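# Topology and contacts: notes
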Amino acid sequence: MLKVLRDNLKYLSWILWVVILIFIAFVFVDFGGGLSGGSGGRSAAATVGGEEISYTDFQREYRRLEGQYRQAFGENFTPEMAEQMQLPLRALDRLVDERLLLGEAEDRGIQASDAEVRETILEIPGMKDAAGGFVGQPTYERFVRANGYSVRDFEHAMRKEIQLAKLNAIFSASIMVTDADVEKSYRDQAERAAIRYLVLPPGKYQSEAQVLPAEIASYFDAHKEEFRLPQQRVVNYLLVDTVRTRAKMTFEKADLEAYYNAHLADWKQEEQVRARHILLKVDDRRSASQAESAITELKSRVEAGEEFAELATALSDDPASKPRGGDLGFFGRGRMLKEFEDAAFQAKPKTLVGPLRTSFGFHLLEVLERREAGQRPFSEVEGQVRTKLAADRADAAAEVRATELVAKIEQEKLSGEEAWKALADNDVVTFLTTPPFGREESVPGVGRGTPFSSSAFALEPGKHSTPVKIARGFAILELKEERPPRTPELSEVEGRVRQAAIRDKSQQLALARLSRGRADLASGETFDDLARELEVEAKDGGEFGRDGSVTGLGNAPEVIAAALAARPGEIGGPVLAAQGAVLFEVTSRKSFDPMAFLAEKQATRESLERNEVNRLLSSLVEQRKRELKVKYDRPLLEQFGLLGDEAQGS
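Values in this document were obtained by computation on a predicted structure and should not be read as measured data.

## A short note on the sheet that holds strand 18 (residues 631-632)
Strand order in the open sheet formed by three strands is 2-1-18, with antiparallel pairing between adjacent strands. Here the strands that pair on one side only, and so sit at the sheet edges, are strand 2 (51-53) and strand 18.

## Observations regarding the nonpolar core
Phe58, Leu87, Leu92, Val96, Leu101 and Tyr632 are the most contacted members of the largest nonpolar core, which totals 41 residues. Of all elements in the fold, only strand 1 (46-48), helix 3 (55-73), helix 4 (79-84), helix 5 (87-107), helix 8 (151-173), helix 9 (179-190), helix 22 (594-628) and helix 23 (634-639) reach the threshold of two or more residues within this core. Here this core gets ten residues from one element, more than from any other, and that element is helix 5. Contact partners of Leu92, with chain neighbours within four places excluded, come to Ala45, Ala46, Phe58, Tyr632 and Leu636.

## A look at the packing of helix 7 (residues 137-146) against helix 8
Where helix 7 meets helix 8, the axes come as close as 9 Å, and the angle between the chain directions of the two elements is 80 degrees. Comparing their axes, helix 8 and helix 7 come out roughly perpendicular. Seen from helix 7, the contacting residues are Tyr140, Glu141, Phe143 and Val144; seen from helix 8, they are Val151, Phe154 and Glu155.

## Let's talk about the sheet that holds strand 15 (residues 539-545)
Read from one edge to the other, the open sheet built from four strands follows the order 15-3-17-16, with strand pairing classed as antiparallel. The open sheet has two edge strands, strand 15 and strand 16 (571-577), and neither has a second partner. Neighbouring strand axes in the sheet, compared pairwise and without regard to direction, differ in orientation by 35 degrees on average. In the sheet, strand 3 (residues 192-200) pairs with strand 15 via five bridges, with the strands oriented antiparallel. In the sheet register, Ala194 faces strand 15, and the bridge partner there is Glu543. Contacting strand 3, strand 16 and strand 17 (580-590), helix 19 (residues 490-522) crosses the sheet at an angle of about 170 degrees to strand 16. The strands that helix 21 (residues 557-564) touches are strand 3, strand 15, strand 16 and strand 17; relative to strand 17, the one it contacts most, it runs at about 40 degrees.

What counts, and at which threshold
- Residues numbered from 1 in each chain as written.
- Predicted model: local features only at pLDDT ≥ 70, side-chain atom pairs only at ≥ 80, totals over all residues.
- Heavy atoms only, no water.
- Pairing = 2+ DSSP bridges.
- Helix = DSSP H or I, 4+ residues; strand = E, 2+ residues; numbered from the N terminus.
- Core = buried A, V, L, I, M, F, W, Y, C linked by side-chain atoms within 4.5 Å.
- Buried < 20%, exposed > 50% of the residue type's maximum accessible area, 1.4 Å probe, protein only.
- Contact = heavy atoms within 4.5 Å.
- Axes fitted to C-alpha atoms, helices over the stretch in contact; angles between N-to-C directions.
- Parallel < 35°, antiparallel > 145°, perpendicular 65-115°, else oblique.

Structure below.
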């Protein structure tokens, strides 16, 4: 039996390896500091078909998993990495998956005898003495305790692993991987190419690719299915406009003062200075000594009476402040280069500072005004307070207005365009009708993929929605028309068809130009000469395999397939990629080696079998999760910030 287990251990998925791997370590280190709070009195971390997974098991699995990653990443493993990888959820998922697979094993009558458990424990490194016998009960118990188990729990865990290994063996026996599958997999990994390439984007020929009405009609006839319209809806809606609501709001001064006093932190002012400067860069046109000398001269000119702003406008190398006479406006600490900031905050208003050296060059600096840190008085910010208070209250006011409209619609049973138009005041409340739109299409004035669209497609005829928040305010929807999926008339999609026809013609022109370029290469022109002639850059695509990507082109299957079909030095293409028409030169090529394949054939077969077993096990686990309604403990998920799509049945 142990031989069968050993033969099939290679098929264990990563879900099943975790317990076995940790047993190899003789000393267990407690890495689970983040779990020290315990269960807080809760009984189960998760339930699987009514069977509980305890917090003790979860804590042990979390520590074990964290230990694995800490061992793998060393000092690079940080709490931030653990959070990003969602290790608590992974630990819980592993336990749930294990419990589901054990249930499957038990349903199939798979058991592990005491003898099998004993023999498996003896296979653990360190469990046999020099003579090959058992190391003894004291050493064994010390090992078990070091791994955080009691003897009973440890042997129970080993029993589970044997059951899982037997289940794996059953799935492995059902896998059939053909020699053709093995060879294809090996070829896909072994065959590689490297290329240099150039791209002609279709936009380069767009001005030459204008299309006539007859060409548009011909393109549409040949590509009608590409323009097939999805299910569409037309919606009438009342919009309560938040911006217009805000504009209508008025406040007594007492309201403004009360808001100001309740939000004093919003009106605190940091220490600020307003300064202007002249910058002379140090570059290939001007050395450091030349720049410093020129700034010193400019300082003397300002001190002699010349206008700082005029000199800055004429001579400064700072394009942002130059049009404003070098004025940088008010700024606080942490906004400028440290040496510039230190000089500005140390200077008194109306004093010149310079020459001042920074990484940009040499500056002449003048501080114009200073604002001390502190609370800005109400009189200074009254306008800002009014704007902020209106913004804070406008959303709530608009939602109240929308809710009142819904109540009126329901009480008076109002339906249809005329009745809804009568509810609009054409100021804060407007009546609007959408053009036909699909579930994934953009709605003019609303956007794509918003609650507006989902509400529109949830509506039944004759029904209205509750207030729906959109960017412009709150909308109340009523279904006007529903259109089934259909092939449109050309007149309905002519703009889209024209753009597609122009794009297609541009692509064909780019392909034709590269075809002529390929002929020039055959006549002796170099690849770099052709790139210069076409005013594009010849780029290095790096090395890639069949499932890889080309540097600068990404996933470009047509280019990759053509390159892997060519020999070193050959010119390939032109072919179309997402970025445009591509012509390439194969710079190196690694081909299928039959002898190397023979050496790797068995390992490749085992990898394919292992992947297929894992796929079957994953499919089984997902099916059982749905059937048994797996529940994760909500407080636990909240503790680790894991609520969301990951919170499965919680």
